[in-house]
Amino acid sequence: MNILILPGDGIGPEIMAQAIRVLEKFKTEGLPITLTHGLLGGAAYDAHGHPYPDATQKLAHAADAIMLGCVGGPKYDTLPRAMRPEQGLLAIRKDLKLFANLRPAMLYPELAASSSLKPEVVAGLDIMIIRELTGDIYFGQPRGRRTNAVGEDEGYDTMHYARSEVERIARVGFETAMKRNKKLCSVDKANVLDTSILWREVVTEMGKSYPQVELSHMYVDNAAMQLVRAPKQFDVIVTGNIFGDILSDEASMLAGSIGMLPSASLDANGKGLYEPIHGSAPDIAGQNRANPIATILSMAMMMRYTFARADIAQRIETAVRSVLATGLRTGDIALPGEPVVGTQAMGDALVSAL
Ligand code: NAD
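About the thresholds
Residues numbered from 1 in each chain as written. Predicted model: local features only at pLDDT ≥ 70, side-chain atom pairs only at ≥ 80, totals over all residues. Heavy atoms only, no water. Helix = DSSP H or I, 4+ residues; strand = E, 2+ residues; numbered from the N terminus. Rg over C-alpha atoms; globule rule 2.2 N^0.38 Å. Buried < 20%, exposed > 50% of the residue type's maximum accessible area, 1.4 Å probe, protein only. Contact = heavy atoms within 4.5 Å. Areas by Shrake-Rupley, 256 points an atom, 1.4 Å probe, with all protein chains shown as cover. Lys, Arg positive; Asp, Glu negative; His and termini not counted. Charge placed at Lys NZ, Arg CZ, Asp CG, Glu CD. Salt bridge = Lys/Arg side-chain N within 4 Å of Asp/Glu carboxyl O. Phe/Tyr/Trp six-rings, centres within 6.5 Å; stacked < 30°, edge-to-face > 60°. Lys NZ or Arg CZ within 6 Å of the ring centre and 35° of its normal. Pairing = 2+ DSSP bridges. Axes fitted to C-alpha atoms, helices over the stretch in contact; angles between N-to-C directions. Parallel < 35°, antiparallel > 145°, perpendicular 65-115°, else oblique. Left-handed = near helix turned anticlockwise from the far one by under 90°. Nonpolar A, V, L, I, M, F, W, Y, C, P; charged D, E, K, R; others polar.

**Notes on the overall build of the protein chain**
- Broken down by element type, the protein chain carries 12 helices and 12 strands.
- Computed over its C-alpha atoms, the radius of gyration of the protein chain comes to 20 Å, within 12% of the 20 Å expected for a compact globule of 354 residues.
- Along the first, second and third principal axes, the C-alpha set of the protein chain runs to 60 × 50 × 40 Å.
- For the protein chain, with 354 residues in total, the buried portion stands at 51%.
- Long-range contacts, defined as pairs at least 24 residues apart, comprise 74% of the intrachain contacts of the protein chain with a sequence gap of at least 6.
- Total accessible area on the protein chain stands at roughly 15300 Å², and carbon and sulfur atoms take up 54% of it.
- On the protein chain, the mean spot of the 35 positive side-chain charges and the mean spot of the 40 negative ones are 3 Å from each other.

**Digging into the pattern of salt bridges**
- One pass over the full model with this rule turns up 17 salt bridges.
- Close ionic contact of Glu154 with Arg146 constitutes a salt bridge, the shortest N to O distance being 2.7 Å.
- Here Glu154 falls in the partly exposed class, since its relative accessible area comes to 25%.
- With relative accessibility at 40%, the residue Arg146 sits in the partly exposed group.
- Here Asp311 and Arg309 are joined by a salt bridge, their closest N and O atoms 2.9 Å apart.

**Regarding unusual backbone geometry**
- Here Gln141 and Pro142 are connected by a cis peptide whose omega angle stands at 0°.
- Within the secondary structure, Pro142 is located in the loop between β5 (126–132) and β6 (144–147).
- One non-glycine residue, Lys97, adopts positive backbone phi at about 55°.
- A residue is classified by how much of its surface remains accessible, and Lys97, at 60% relative accessible area, is exposed.
- A positive phi is found at Asn288, a non-glycine position, where the angle reads about 55°.
- Its relative accessible area of 39% is what places Asn288 among the partly exposed residues.

**Some words on the packing of aromatic side chains**
- Counted by the stated rule, this structure contains 2 aromatic pairs.
- Judged by centre distance (5.3 Å) and plane angle (55°), the rings of Tyr161 and Trp199 are tilted. Remark: Trp199 occurs in helix α7 (residues 194–207) and Tyr161 occurs in the loop between β7 (153–156) and α6 (163–179); sequence separation between them is 38 residues. Summarising the burial analysis for this pair, Tyr161 and Trp199 share the class buried.
- For the ring pair Phe174 and Tyr210, a centre distance of 4.7 Å and an interplane angle of 5° mean the geometry is stacked. With Phe174 in helix α6 and Tyr210 in the loop between α7 and β9 (214–219), this pair connects stretches of sequence that are 36 residues apart. You'll find Phe174 and Tyr210 in the same group, each marked buried.
- Cation over ring: Arg146 sits above Tyr156, and NZ or CZ is 3.6 Å from the ring centre.
- One Lys or Arg, Arg168, reaches over the ring of Phe99 and ends 4.1 Å from the middle of that ring.

**Comments concerning the sheet that holds strand β4 (residues 100–106)**
- One open sheet accounts for 10 strands, arranged β2-β1-β3-β12-β11-β4-β5-β10-β8-β9; its pairing is mixed. At either end of the open sheet lies a strand with only one pairing partner, and these are β2 (34–37) and β9. Neighbouring strand axes in the sheet, compared pairwise and without regard to direction, differ in orientation by 20° on average.
- As defined by bridge partners, strand β3 (residues 65–70) adjoins strand β12 (residues 272–276) across 3 bridges and the pair is classed as parallel.

**Brief notes about the packing of helix α10 (residues 293–305) against helix α11 (residues 310–325)**
- The interhelical angle for the contact between α10 and α11, taken along N-to-C directions, is 160°, at an axis separation of 7 Å. Looking at the two axes, α10 sits roughly antiparallel to α11. The interaxial crossing formed by α10 with α11 has left-handed handedness. Residues Ile293, Ile296, Leu297, Met299, Ala300, Met303 and Arg304 of α10 lie in contact with α11, whose contacting residues are Ala310, Ile312, Ala313, Gln314, Ile316, Glu317, Val320 and Leu324.
- Residues that form the contact of α10 with α11 fall into these classes: 12 nonpolar, 1 polar and 2 charged.

Structure (structure tokens):
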């Protein structure tokens with residue numbers, strides 16, 4: 001288990017320190033873990049003048065999996081676009097061909113009151129959203145600005161998916177559903193878009209190879225509505241880049257706190273970049289106030305998806321659940337008036353729960 005640690009910026013180093021304690025615990029139990037350390041984002045720009053420097057690139061290619069904290073911060077906002085921390089993140093995803101983004105939206109029953117939806121609608125929620133990450137309108141050519149026939153300035157983008165791109169993300173969807181409750185909902189806009197008509201055809205054809213999976217299709221506008229109306233109807237959702245971008249942010253809010261949600265971005269061979277969905281939280285950086293749980297749950301995903309150690313993943317998830325059940329809360333998940341603990345104390349509790 002050759003794991004590259006990229007703490008990043010802002011609260012990144014604080015939350016990653018707690019994740020490393022969990023990895024060290026497993027190492028003492030005999031897991032063959034080797035950690036290497038590198039820089040990404042603003043920290044990399046400060047040290048090497050680039051958000052994804054060559055040194056990090058070499059380490060990333062050599063690793064089996066990468067744990068990332070988060071990148072960005074006001075200090076870097078005035079840099080030219082290519083040097084911004086977020087460009088480092090886009091560059092590493094592209095460089096490693098991480099085409100499948102897995103984002104669970106789950107809500108521990110103990111935190112049901114912190115969702116903006118009614119507790120009965122969201123308690124026990126457990127959805128996996130699979131978003132295609134390297135194609136679609138974000139990358140389609142041609143794109144740009146031009147002057148049209150009547151002399152007006154216009155912008156244009158191209159939505160685009162090739163059959164093979166749909167097949168490989170759909171396969172991740174079906175395989176993930178097989179490991180869960182065997183329900184897959186493919187989200188598209190096949191009533192309007194040709195790209196979506198192809199998408200639906202390909203997913204339907206692939207469904208024949210997965211007879212155990214109950215496959216459904218939904219238009220993206222309806223999916224956006226159903227996610228807030230009755231989110232527990234979903235098990236696994238698979239969708240394209242732009243629809244997934246929007247729906248996964250919507251779904252993350254069902255779960256209450258941004259400090260709880262992990263993510264994985266995988267290549268075709270199971271190599272992955274694992275990171276919390278939140279940003280670098282400059283408003284609380286360096287104050288021992290950040291919630292490390294999203295990062296630690298990202299590590300659980302790494303154990304499950306890259307290292308095929310669902311047993312270890314479950315131990316981490318159970319530890320999180322038991323710590324929450326004792327009532328321990330960082331500021332982001334505490335209800336008004338509830339006592340709050342810091343990043344370090346949450347890490348202590350998780351390590352001892354393990
Ligand atoms: P953010 O996610 O950093 O913060 C939003 C709010 O959530 C803040 O109030 C913050 O304090 C809180 N928060 C976030 N993570 C938390 C945690 N673990 N525990 C407790 N509270 C937490 O989003 P933002 O403020 O819009 O962005 C800040 C910087 O992060 C920007 O530079 C942005 O570009 C960058 N960003 C990076 C990523 C990434 O690295 N993947 C993602 C989003 C934003």
